[in-house]
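Fold and contact review
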Number of protein chains: 4
Amino acid sequence: MPPETTPNRSRRSESSRRAILDATYGLVLEKGYAKLTIEAIAARAGVGKQTIYRWWPSKGAVMFDSFLDVADDRSGEDVALPDTGDIAADLKAVLRATVDEYNDAAYSARLRALNAELLTDPKLSAELFERMLAPGLAAYLTRLEAARSAGEIAADADLETAIEVLLSPIHYRWQLGTGPLTHAFTDSIVDLVLTGLRPPRPRD
Amino acid sequence: MPPETTPNRSRRSESSRRAILDATYGLVLEKGYAKLTIEAIAARAGVGKQTIYRWWPSKGAVMFDSFLDVADDRSGEDVALPDTGDIAADLKAVLRATVDEYNDAAYSARLRALNAELLTDPKLSAELFERMLAPGLAAYLTRLEAARSAGEIAADADLETAIEVLLSPIHYRWQLGTGPLTHAFTDSIVDLVLTGLRPPRPRD
Amino acid sequence: MPPETTPNRSRRSESSRRAILDATYGLVLEKGYAKLTIEAIAARAGVGKQTIYRWWPSKGAVMFDSFLDVADDRSGEDVALPDTGDIAADLKAVLRATVDEYNDAAYSARLRALNAELLTDPKLSAELFERMLAPGLAAYLTRLEAARSAGEIAADADLETAIEVLLSPIHYRWQLGTGPLTHAFTDSIVDLVLTGLRPPRPRD
Amino acid sequence: MPPETTPNRSRRSESSRRAILDATYGLVLEKGYAKLTIEAIAARAGVGKQTIYRWWPSKGAVMFDSFLDVADDRSGEDVALPDTGDIAADLKAVLRATVDEYNDAAYSARLRALNAELLTDPKLSAELFERMLAPGLAAYLTRLEAARSAGEIAADADLETAIEVLLSPIHYRWQLGTGPLTHAFTDSIVDLVLTGLRPPRPRD
DNA sequence: AGCTAACCGAGACGGTACGTCTAGTCTTGAG
DNA sequence: CTCAAGACTAGACGTACCGTCTCGGTTAGCT
């Protein structure tokens, strides 16, 4: 993500880059994003401040990169959703795991930093989307398409919207605190999304 | 929201309070929340810095108050959802209006500030919920209960979850930029929430 | 000497002023002027950097003030030259004392700082002259006038020039290292200035 | 004069040496010594910084060398003082020329740089003396000895001291600003040094 | 109808961090 | 090897704000 002004990329010190990214990652967890400073990053990374300013335009960009860097490390991993043949059960299992992550203090701290930066600089969202969100969303899409093929889901269903409708309530509650982040909550989202609010058609 | 330590509330200058809140509100729109400073607020409000520190614990609290203050002004207003007898049409109309607000630059700027502060200081979410969110959510609940009584919605539907499922995708897209905030998007949310993904039960 | 922009003089903290001046004075002696930094002054004085920048335009100005401040403290003291009735003896005694000062390491360090700053910013010389040099030169003038009245010195002698001719060789040797700063050197200056180079007029 | 550590002198690039010295000389005149930086020298000379650090120990040494280099160029020139047979007239003419130089802005700027460096690093004075001062002082000595032989000056006069007494007041006024640098001033120095302050011996 | 304690505007203070600049060292690639 | 180029660690620069602390002036609410 470096802004590439004049500095010569080929001469860049990889060890400094790593040290900066690691220091940033650690400091956000320890002190929180609001108390993250460039000076602290430089000190912990054993790096001159100028080396940070040479390659990143802002503190937020460093933090952003440090998290995306971790995400990239995982990008080779298998992100496929389970497929037991029961779409409801599979979605519930995945969303339960997701909500457990949100309830983890360290994960939550990183997420807060990332979202705060996103709110400060919305231009970053495209990059965030591509490097962090897209792989996960694609996995959901694959699973839902399989369910559609299996006849569990209506042929004309809008799957892209469905994915966001499944995931966003978790993010919403986490950020706005409108209610507890429980397995019951995610289960009820899955039920709702799969069956809708409409009343059962009366037997005739 | 003032923390009330020792200062005597009855002696508080209402004109200073108003000037501070107004200055804050204006500065967030003009410069953005990240560049908001206590000194700038004090200067624009024609107020000593100490007067701010006396009544608020942080910059975020002032900003928060300045927005809630606007919300409180509206609290007498009618927040009821329309009821034409067609729950799908009514929800679509309301969500279209909501999405239009999110697409407004000024509203979006304020929302960014509010959410950024919330991520920095999650303790504020309870207050935010009570003063800004609760009235709106109550209105949704009222309308959905009416629909349930009318038989448009299943008797055992989880309406609280349904409301969050309706609203959160808008917030999600707005914040993460996963897609365009259009009327088509909100319409498809409503359809999804009302009918679900399940295929129509075959006529027998 | 503060440049007086906007800050309100009457609110100035005298204790901070003193601490800054004292810290500067001490640091020049310990580290030398070239290694004097505003940060070190602020740290030793227990003062914020801004408090220095508020009242002085540059590091040199602070140093300058810190030395003139010492000079001012002495300004009430008696700076008169001795008067034994023998102008040669009196001048030799005073110049021997002067040269001893120049040979003192601490005095020499301060003098180096002062002169270095003067070379960097010649505008300071007027102030230096008034506050540090003028009193001393006046004392010489008084003594030389007494000698003139006593007939030891020609009635039409240019005393102002004579004073500079007496003092400047010491400064010159000290700064350029053209030779050793000894009592023999200053004695010979006095002899030269009093009798000149001309051969004695032959007795006829 | 390079400090001679390890680098192999024979491989040294003469063109780089010249470019560095010339760039330094020019930058001192244009920006002043205080704003002279190694980076600016390297940039103007079209030279890597390391090439400067390899051959000189400090910025001051480069500047010093750049000026002595000019002085060395002149060392073949005739520096003898005029000899019209009238020592007073000859000295006045030379000192007038000297003071004119001091009043020249460019010469004064160089002199400031040189003296500032000398105050910062007194170890340089020996070198300065040998390469810049000594030839001039020797010329004075030659002329004064001629005057002594001619009977214009007392046989036992201390000529070395006399030379410093003649020259130092100019340097003193230039640096401390104790008075104007005029021909009248230098003339009166010559008169004073030649005749002294003593009153004319009464005719008997 | 004062008195007096508090709040008020103002802004200097001790600090922290900023983003920039320069020093002096180290690395790379060309000659 | 030396050299130009320039990235590196280090740390001071001067600025912007932080949150605290006086300072007079003013205002509210008790005597």
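As recorded in an unreviewed UniProt entry, chain A goes by TetR/AcrR family transcriptional regulator and comes from Nocardiopsis mangrovi.

**Comments concerning the packing of helix H5 (residues 87-103) of chain C against helix H8 (residues 159-176) of chain C**
All names here are of chain C. Across the interface, H5 lies against H8 with an axial gap of 11 Å and an inter-helix angle of 20 degrees. Overall, the two elements H5 and H8 adopt an arrangement that is roughly parallel. The element H5 and its partner H8 pack so that their crossing is right-handed. Here Leu 91, Leu 95, Thr 98, Val 99 and Tyr 102 of H5 lie close against H8, whose contacting residues are Leu 166, Leu 167, Ile 170, His 171 and Trp 174. In terms of residue class, the contact of H5 with H8 is built from 8 nonpolar, 2 polar and no charged.

**So, the relation of the copies chain C and chain D**
In this arrangement, two copies of a chain are superimposed by a rotation about an axis accompanied by a shift along the axis. With an RMSD of 0.1 Å, the operation that places chain C on chain D is a rotation of 180 degrees combined with a shift of 0.0 Å along the axis. This pairing of chains is accounted for by a two-fold axis. It is Gly196(C) whose C-alpha, among those of chain C, lies nearest the rotation axis, at 1.8 Å. In this assembly, 100% of the residues forming the interface of chain C have copies in chain D that are likewise at the interface, indicating an isologous arrangement.

**Some words on the domain arrangement of chain A**
All names here are of chain A. The assigned domain composition of chain A is domain 1 (9-74) and domain 2 (87-195). Put simply, the middle of domain 1 and the middle of domain 2, counted by C-alpha atoms, are 28 Å apart. In this assembly, 14 residues from domain 1 lie in contact with 13 residues from domain 2. Taken together, the two surfaces of domain 1 and domain 2 that pack against each other cover about 1200 Å², and 71% of this comes from carbon and sulfur. At the surface where domain 1 touches domain 2, the tally comes to 1 salt bridge.

**Description of the protein's contact with DNA strand E**
Surveying the vicinity of DNA strand E reveals 40 residues, the closest of which are Tyr53(A), Asn8(B), Thr51(B), Lys49(D) and Gln50(D). Near-protein atoms of DNA strand E (within 4 Å) split between backbone and bases, with sugar and phosphate holding 60%. The separation between a base oxygen of DNA strand E and a polar side-chain atom of Lys49(A) is 2.7 Å. Taking Arg11(B), its side chain carries an N or O atom lying 3.2 Å from a sugar or linking oxygen of DNA strand E.

**Things to note about the pattern of salt bridges**
Residue and element names in this part refer to chain D. Taken as a whole and judged by the stated rule, the model has 55 salt bridges over all chains. As a salt-bridge pair, Asp 83 and Arg 143 come within 3.1 Å of each other at their nearest N and O atoms. Of the two residues, Asp 83 sits in the loop between helix H4 (59-74) and helix H5 (87-102) while Arg 143 sits in helix H7 (residues 125-149), which places them 60 residues apart along the sequence. On the basis of relative accessibility, which here comes to 52%, the residue Asp 83 falls in the exposed class.

**Overview of the interface of chain A and chain B**
Facing 47 residues of chain A, the contacting portion of chain B comprises 46 residues. Between the two partners, chain A and chain B, sit 2 salt bridges. Put simply, chain A and chain B have 12 residue pairs in polar contact (both at pLDDT 80 or more) between them. Residues belonging to the side of chain A that touches chain B are distributed by class as follows: 27 nonpolar, 12 polar and 8 charged.

**So, the interface of chain C and chain D**
Across the contact, 46 residues belong to chain C and 47 residues belong to chain D. When the two sides are added together, the surface that chain C and chain D hide from each other amounts to roughly 4500 Å², 65% of it contributed by carbon and sulfur. If you look at where chain C meets chain D, you find 2 salt bridges. Between Arg173(C) and Glu164(D) there is a salt bridge, with its nearest N and O atoms 2.8 Å apart. Between the two partners, chain C and chain D, sit 12 residue pairs in polar contact (both at pLDDT 80 or more). Listed by contribution, the elements that provide at least two residues to the side of chain C that touches chain D are helix H6 (105-120), helix H7 (125-149), H8 and helix H9 (183-195) of chain C. Looking at which element gives the most residues to the side of chain C that touches chain D, the answer is H8(C), with 13 residues. Looking at side-chain class alone, the side of chain C that touches chain D contains 26 nonpolar, 12 polar and 8 charged residues.

Rules of the game
Residues numbered from 1 in each chain as written. Chains lettered and ligands numbered in written order. Predicted model: local features only at pLDDT ≥ 70, side-chain atom pairs only at ≥ 80, totals over all residues. Heavy atoms only, no water. Axes fitted to C-alpha atoms, helices over the stretch in contact; angles between N-to-C directions. Helix = DSSP H or I, 4+ residues; strand = E, 2+ residues; numbered from the N terminus. Parallel < 35°, antiparallel > 145°, perpendicular 65-115°, else oblique. Left-handed = near helix turned anticlockwise from the far one by under 90°. Contact = heavy atoms within 4.5 Å. Nonpolar A, V, L, I, M, F, W, Y, C, P; charged D, E, K, R; others polar. Least-squares fit on C-alpha atoms with pLDDT ≥ 70 in both. Domains from an automatic or database assignment. Buried area = accessible area lost by both parts, 1.4 Å probe. Salt bridge = Lys/Arg side-chain N within 4 Å of Asp/Glu carboxyl O. Near = heavy atom within 4 Å. Polar contact = N/O pair within 3.5 Å; in protein donor to acceptor, adjacent residues only side chain to side chain. Buried < 20%, exposed > 50% of the residue type's maximum accessible area, 1.4 Å probe, protein only.

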